[in-house]
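# Summary of structural features
Take a look at the letters that make up each chain.
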Amino acid sequence: MIGDITGIRKIRMLYLQLLYRCNFTCLHCFHGKRLRYADTFTAEEAANLLTLMRDEYGTEAVTFLGGEPFVHRELPQVVRYAKKELGQCVEICTNGYRIEHRLTEIAPHLDMLRVSLEGVGSTNDDIRKRGSYQSALDSLVLARDLGVPTGATMTVTSWNIGEILPLAGVLGQLGVRQLKLHHLRPVGNAADHPELLVTDRAAYGRLREELAETRFPLEVIVDEDLSEHGSPEVCAPSRGPREIDRIEADPRGGLTMSCKAVGKDSHAFWYEKASNRIVHRPSATDEITLPVPDVVYAHA
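Residues numbered from 1 in each chain as written. Predicted model: local features only at pLDDT ≥ 70, side-chain atom pairs only at ≥ 80, totals over all residues. Heavy atoms only, no water.

## Focus on the confidence of the model for the protein
Our working rule: The pLDDT value tells you how sure the predictor is about a given residue, anywhere from 0 up to 100. The contact criterion used throughout is that any non-hydrogen atoms of two residues lie within 4.5 Å.
Looking at the protein, the pLDDT average stands at 88 and 85% of residues meet or exceed 70. Within the model, pLDDT remains below 50 along residues 231-239, and this stretch shows 26 contacts once partners closer than five positions in the same chain are excluded. Scored below 50 in pLDDT, residues 284-290 shows 22 contacts in the model against residues more than four places distant or in partner chains.

## Focus: the side chain of Gln88
Operational definition: Each helix is a run of H or I in the DSSP string that is no shorter than four residues. Each strand is a run of E no shorter than two, and both are numbered from the N terminus. Buried residues are those whose accessible area, probed at 1.4 Å on protein chains only, stays under 20% of the maximum for their type, while exposed residues exceed 50% and partly exposed ones sit between those limits.
Along the chain, Gln88 falls in the loop between helix H3 (75-85) and strand E3 (89-94). The class of Gln88 is buried, set by a relative accessible area of 2%.

## Overview of the pairing of strand E4 (residues 112-116)
Counted only if it meets this: By the convention used here, strands pair only if DSSP detects at least 2 bridges between them. Orient the strands so they point away from the viewer, and a crossover whose first-strand-to-second-strand path over the helix runs clockwise is right-handed.
Of all five residues in E4, five are buried, a share of seventy percent or more. Relative to E4, E3 is paired through four bridges, and the arrangement is parallel. By the bridge assignment, Cys93 is partnered in E4 with Arg114. Assessed by its sense of winding, the connection that carries the chain from E3 through helix H4 (residues 100-106) to E4 is right-handed. One ladder, built from four bridges, connects E4 with strand E5 (residues 150-156); its direction is parallel. Within E5, the position partnered with Ser116 by the bridge is Thr153.

## Digging into the packing of aromatic side chains
We count it as follows: Pairing of aromatic rings covers Phe, Tyr and the six-membered ring of Trp, with a centre-to-centre limit of 6.5 Å; geometry is then stacked below 30 degrees between planes, edge-to-face above 60, and tilted otherwise.
Counted under the stated rule, the structure contains three aromatic pairs. Their ring planes at 90° and their centres at 5.8 Å tell us that Tyr20 and Tyr37 sit as a pair that is edge-to-face. Here the residue Tyr20 occupies a position in the loop between strand E1 (10-17) and helix H2 (43-57), and Tyr37 occupies one in the loop between E1 and H2, the gap between them amounting to 17 residues.

## Let's talk about unusual backbone geometry
Glycine aside, a negative phi is what most residues show, and trans is what most peptide bonds show. At the junction of Gly66 and Gly67, the peptide bond is cis and its omega measures out at 20° in the coordinates. Looking at the secondary structure, you find Gly67 in the loop between strand E2 (61-65) and H3. Not every positive phi belongs to a glycine, and Asn276 is a case in point at roughly 55°.

Now the structure itself:
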């Protein structure tokens, strides 16, 4: 269906939000009130979508997200299926809070554990949850000791823009391989916390200069939105590119081909769980918004 409408024949990675439910209520979470929604993928539904994407679009990697994926009761089954049955490259994005038991169980089937952090110590805890900083570091250490490669994400806010370099230093000491920096969008919980927004757009330019001049112990990837002018709109009309890097599925089945649509009900395609098929639900136009490339600052 996607190929018929857009011309896209290959989608390298599926970002699969297994559920909305989470054990955190972070101040900046784009899900907002959806954290209370009961929508979820069962293990069977997740397996069906993973298989469909592999067979029809050559998808070779999956990133499991939430909500918080580690609170999903069937996470081990889903991870094992993706790795053992489909041979996917498997990543999980998590808050890293008290996940030791389940992480140990799924470690043999995991290619990367990526933990969300919003700064060092209390800065992180004030945005996310008290005690979450140390718990996240503990999870990164455990993953390393289990032989699982690790990464981290950070959403840049007015509270933490000055802590990127210190955080990168801490992560580097723990053997973390990669830090991704994301732009804060005023949707979900962030819409209720405008104090987190970076209002001085020139601050992004200064940040990029600082990143370019610094030798890091890990790779730093920067969202293209982190610039004075934001990211350009990059759209491809029907019959546009034949291959894209990723598509994201939310717990209801909504499919999005761009992180720029996160927080909006603007999906052109939906995965119907009951019939195990993708259907087209056109918006105002048939244009598909695609993500612009990130900027990578290589480690030393």
